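Okay, here's what each chain looks like letter by letter:
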Amino acid sequence: MKPAGAQHTVLIVEDEVIIRMSSAATLEDAGFRTLEAGSGTEALEVLLANKDIDVLMTDVNMPGEMDGLDLVALVHRFHPSICAIVVSGNASAEDASNAGAIGFLPKPYMAQSLVNAIKDLIARHPAPLGCAA
């Protein structure tokens, strides 16, 4: 478990810049450290450069060959300590779960709903136990 007072790090993967920036600001205001990526490929680069990521928050529809569900499956396989939450207006909670995500938040969502979803996910799966099922 992280020491008391330690920040949890959330990697936000969202191709819509305004949504990504708004999500980052909301989570930072709630006490989280955030990292950002605009695609699955960029997210993998961020993952390689940062070993302290606790939560992957990803949209499903993104540019490139890898969508958010593919990203979740890859992260779940190679980084089982990272908990994933999918935010989408197109996918379902079942789709997210099948990919290996622990959480799902339908779009559009309120800022406080995002914070609550991330906090709940961390409370249910404290590090370093991880989110491997």
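Scroll up to find the structure.
Residues numbered from 1 in each chain as written. Predicted model: local features only at pLDDT ≥ 70, side-chain atom pairs only at ≥ 80, totals over all residues. Heavy atoms only, no water.

### Some remarks on the overall build of the protein
Logical step 1: Within the protein, the secondary structure is distributed over 5 helices and 5 strands.
Logical step 2: Traced from its N-terminal end to its C-terminal end, the protein shows the element sequence β-α-β-α-β-α-β-α-β-α.
Logical step 3: Here the C-alpha atoms of the protein give a radius of gyration of 13 Å, agreeing with the 14 Å that 2.2 N^0.38 yields for 133 residues.
Logical step 4: Seen through its principal axes, the protein has C-alpha atoms that stretch 40 × 30 × 30 Å.
Logical step 5: Looking at the protein as a whole, 46% of its 133 residues are labelled buried.
Logical step 6: By sequence separation, contacts in the protein at least 24 residues apart represent 63% of the contacts at least 6 residues apart.
Logical step 7: Averaging the coordinates of the 8 positive side-chain charges in the protein and doing the same for the 17 negative ones gives two points 8 Å apart. (Helix = DSSP H or I, 4+ residues; strand = E, 2+ residues; numbered from the N terminus. Rg over C-alpha atoms; globule rule 2.2 N^0.38 Å. Buried < 20%, exposed > 50% of the residue type's maximum accessible area, 1.4 Å probe, protein only. Contact = heavy atoms within 4.5 Å. Lys, Arg positive; Asp, Glu negative; His and termini not counted. Charge placed at Lys NZ, Arg CZ, Asp CG, Glu CD.)

### Concerning the nonpolar core
Logical step 1: Grouped together as the largest cluster of nonpolar side chains are 23 residues, with contacts concentrated most on Leu11, Val13, Ile53, Leu56, Leu71, Val72 and Val86.
Logical step 2: Mapped onto this core, the elements with two or more residues apiece are strand E1 (9-13), strand E2 (33-37), helix H2 (40-49), helix H3 (68-78), strand E4 (83-88) and helix H4 (93-99).
Logical step 3: The dominant element in this core, judged by the number of residues it contributes, is H3, at 4 residues. (Core = buried A, V, L, I, M, F, W, Y, C linked by side-chain atoms within 4.5 Å.)

Read these as layout, nothing more, since geometry by itself doesn't imply function.
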